[in-house]
Amino acid sequence: MELSFKKPSKKARKAMCQAALNLGNRKMEEYYKQQAEDIIKDSTHHEHARVVNSGNSAIMVAMSNMKGPVLIPDQGGWTGFKRIAEFLGLEITYLPTKQGIIDLELLENHFKYISPESLFITSFAGYMAEQPVKEIYEVCEERGVILVEDASGAVGDPMNSLACGDHSHIIVASTGSPKIVNLGNGGFISTNDPDIFKNSNYLLKSFRTSPVICAGMVESIKKAPDALSKTLDSCSFLKKKIKSVLFEECRGINVTLPSENPKKMARELRKKIPVEGGGIISTCPRYDRINQPAVCLEIKNLEIKYLKRENLSEIADITNKIVY
Ligand SMILES: Cc1ncc(COP(=O)(O)O)c(C=O)c1O
């Protein structure tokens, strides 16, 4: 079985090469930036967008607009939420979740006692399971809480449930490696509130990205719905084939296997499922995934063309034989 770690698509790389040849041409550089911001707005349905040099930069821009406490999930979030809030000296509160997934009753209950200014979540808890973003947004709207969705794993959701500005005040995303918009570098932020960008003018200048990334972003966002659908389908197929998985019924872009000995299981899996240029096995407990012993098959890291049924069946067969 041949598997390889995700690289930017050929079309994206071609566009990036062309943009590299135009470096120094101010007019063309502005054109690439504008094109990228336009396609981000199309994709997220937000009115304003900015391209930045990483996902964490986008989170920093969003958080630099906050003064009050930041609420984040107790697991299944992104470590950057905590690190950046600490860096900015913002108070952090943790929301109890069900294995990373936000429970709306718990959320409403939490808001009775604590009034955060913002809630930062990822579209998929730990890339494992879809968050009920629309419902979370409704609760936040009612309470005047700003919902920031890190959509690094969900750009281009064909169902418009995730990475959709109709029900997220701010969307941030990484376009680094290995993401759905996979350029090895860069990120973006979008919103309907123009003040967010007015207030962070200097940060946005400091975090600007190269026109090469902007050119790649245009091509890669066009392909995002297809890349995301194929990754979701593959995970759903694997979840049906593998005997013991978590979040069987949820949309997600990795597959989580509970394990009593995750380190040993991961070692075996890495040996039996080699991937050229990178890896697809991660271990838990880990804040970015789930707070219990488990192993994740990071299907999102794989080159889309290798997500064929025969490869996926082989991955499932291998995994079913390695149970710890
Ligand atoms: C969900 C999520 N958000 C943000 C980031 C940070 O992105 P970057 O490496 O572009 O700063 C990552 C990186 O892996 C991530 O997984």
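Everything numeric in this text was worked out from a predicted model, so none of it was measured.

Participant: Would you mind going over the domain arrangement of the chain with me for this structure?
Facilitator: Accessible area lost when the parts come together is the quantity often used to give the size of an interface. Domain annotation of the chain identifies domain 1 (10-222) and domain 2 (225-321). The contact between domain 1 and domain 2 buries some 2200 Å² in all, and 59% of this surface belongs to carbon and sulfur atoms. The interface formed by domain 1 and domain 2 contains two salt bridges. Its salt-bridge partner being Arg-251, residue Glu-130 comes within 2.9 Å of it at the nearest N-O pair. When contributions to the side of domain 1 that touches domain 2 are tallied by element, the ones reaching two or more residues are strand E2 (70-73), strand E6 (129-130) and helix H9 (211-241). Within the side of domain 1 that touches domain 2, the residues separate by chemical class into 16 nonpolar, nine polar and four charged.

Participant: Got a minute to help me understand the sheet that holds strand E7 (residues 146-150) in this structure?
Facilitator: Note: strands within a sheet are paired through backbone hydrogen bonds, in either parallel or antiparallel orientation. If you walk across this open sheet you meet the seven strands as E1-E9-E8-E7-E4-E2-E3, and the pairing is mixed. The open sheet has two edge strands, strand E1 (48-52) and strand E3 (92-95), and neither has a second partner. Taking each pair of neighbouring strands and ignoring which way they run, the sheet shows an average axis angle of 20°. In this structure, E7 lies alongside strand E8 (residues 170-174), joined through three bridges in parallel fashion. Its bridge partner being in E8, Val-148 is matched across the sheet by Ile-170. Sitting on the sheet, helix H3 (residues 55-63) touches E1, E2, strand E4 (118-122), E7, E8 and strand E9 (187-191), and the angle it makes with E8 is about 155°.

Participant: Help me understand the site of the ligand in this model?
Facilitator: Lining the immediate environment of the ligand, one finds Ser-54, Gly-55, Asn-56, Trp-78, Thr-122, Tyr-127, Asp-150, Ser-152, Ser-174, Lys-179 and Gly-186. Residue Tyr-127 places a side-chain N or O atom 2.6 Å away from an oxygen atom belonging to the ligand. Here an oxygen atom of the ligand sits 3.0 Å away from a polar atom, N or O, in the side chain of Lys-179. Residues belonging to the shell around the ligand are distributed by class as follows: two nonpolar, seven polar and two charged.

Participant: How should the nonpolar core be read in this particular structure?
Facilitator: One broad trend across soluble globular proteins is that nonpolar side chains are buried collectively. Judged by nonpolar contacts, the single largest core of 48 residues is most densely connected at Leu-107, Leu-119, Ile-136, Leu-147, Phe-188 and Met-217. Top contributing element to this core by residue count: H9, with 10 residues. Here this core spans two domains, since at least three of its residues come from each of domain 1 (10-222) and domain 2 (225-321). Excluding anything up to four places from it in sequence, Met-217 contacts Ala-36, Ile-40, Val-51, Thr-175, Val-181, Leu-183, Gly-187 and Phe-188. In terms of nonpolar packing, the next biggest core, distinct from the first, is built from 27 residues, Val-255, Ile-299, Ala-316 and Ile-318 among them.

Participant: In this structure, what is going on with the sheet that holds strand E10 (residues 255-258)? I would like to understand it.
Facilitator: Spatially, three strands are ordered E10-E12-E11 in an open sheet, and the strand pairing comes out antiparallel. The sheet is open, and its two edges are formed by E10 and strand E11 (281-284), each paired on a single side. For this sheet, the mean inter-axis angle between neighbouring strands, taken without regard to orientation, is 25°. As judged from the four bridges shared by E11 and strand E12 (residues 294-297), these two strands associate in the antiparallel manner. Among the inter-strand pairings, Ile-281 is bridged to a residue of E12, identified as Leu-297.

Participant: What should I look at first to understand the packing of helix H1 (residues 10-21) against H9 in this one?
Facilitator: Helices that pack against each other are described as a pair by the angle of their axes relative to one another and the distance between those axes. For the pair H1 and H9, interaxial distance at closest approach is 8 Å and the crossing angle is 155°. The angle between the axes of H1 and H9 places the two elements in the roughly antiparallel class. Note that H1 runs across H9; the crossing there is right-handed. Of H9, the residues touching H1 (which contributes Lys-11, Ala-12, Ala-15, Met-16, Ala-19 and Ala-20) are Pro-211, Val-212, Ile-213, Ala-215, Gly-216, Glu-219 and Lys-223.

Participant: Even after reading the chapter, I still don't get the environment of Gly-76, so can you show me in this structure?
Facilitator: For Gly-76, the position within the fold is in the loop between E2 and helix H4 (79-87). For the pair formed by Gly-76 and Phe-124, sequence separation is 48 residues and the distance between their alpha carbons is 8.0 Å. Ignoring any residue separated from it by four or fewer positions in sequence, one finds Gly-76 in contact with Gly-100, Thr-122, Phe-124, Ala-125, Gly-126, Tyr-287, Asp-288 and Arg-289.

Participant: Honestly, the packing of aromatic side chains in this entry has me stumped. Any pointers?
Facilitator: We describe a pair of aromatic rings using the distance from one ring centre to the other and the angle between the two ring planes. Within this structure, the stated rule accounts for two aromatic pairs. Note that Lys-300 overlies the ring of Tyr-127, its terminal NZ or CZ placed 4.6 Å from the centroid.

Participant: I'm lost on the pairing of E8 in this one. Help?
Facilitator: The two faces of the sheet receive side chains in turn, since in a regular strand these alternate between them. Among the five residues of E8, five are classified as buried, and the element is accordingly described as predominantly covered. Here E8 shows no split at all, with Ile-170, Val-172 and Ser-174 on one side and Ile-171 and Ala-173 on the other all buried.

Participant: Please explain helix H6 (residues 133-143) as it appears in this structure.
Facilitator: Because the α-helix completes a turn every 3.6 residues, residues three or four places apart line up on one side. Taken together, the buried positions of H6 are occupied by Val-133, Ile-136, Tyr-137, Val-139 and Cys-140. Mapping the buried residues of H6 onto a view down its axis gives an arc of 165°, with all of them on the same face. Check the buried side of H6 and you find it contacts helix H5 (104-113), E4 and E7. A positive phi of about 70° marks Gly-144, the residue just after H6.

Calculation criteria
- Residues numbered from 1 in each chain as written.
- Predicted model: local features only at pLDDT ≥ 70, side-chain atom pairs only at ≥ 80, totals over all residues.
- Heavy atoms only, no water.
- Domains from an automatic or database assignment.
- Buried area = accessible area lost by both parts, 1.4 Å probe.
- Salt bridge = Lys/Arg side-chain N within 4 Å of Asp/Glu carboxyl O.
- Helix = DSSP H or I, 4+ residues; strand = E, 2+ residues; numbered from the N terminus.
- Nonpolar A, V, L, I, M, F, W, Y, C, P; charged D, E, K, R; others polar.
- Pairing = 2+ DSSP bridges.
- Axes fitted to C-alpha atoms, helices over the stretch in contact; angles between N-to-C directions.
- Contact = heavy atoms within 4.5 Å.
- Near = heavy atom within 4 Å.
- Polar contact = N/O pair within 3.5 Å; in protein donor to acceptor, adjacent residues only side chain to side chain.
- Core = buried A, V, L, I, M, F, W, Y, C linked by side-chain atoms within 4.5 Å.
- Buried < 20%, exposed > 50% of the residue type's maximum accessible area, 1.4 Å probe, protein only.
- Parallel < 35°, antiparallel > 145°, perpendicular 65-115°, else oblique.
- Left-handed = near helix turned anticlockwise from the far one by under 90°.
- Phe/Tyr/Trp six-rings, centres within 6.5 Å; stacked < 30°, edge-to-face > 60°.
- Lys NZ or Arg CZ within 6 Å of the ring centre and 35° of its normal.
- Arc of directions from axis to C-beta.

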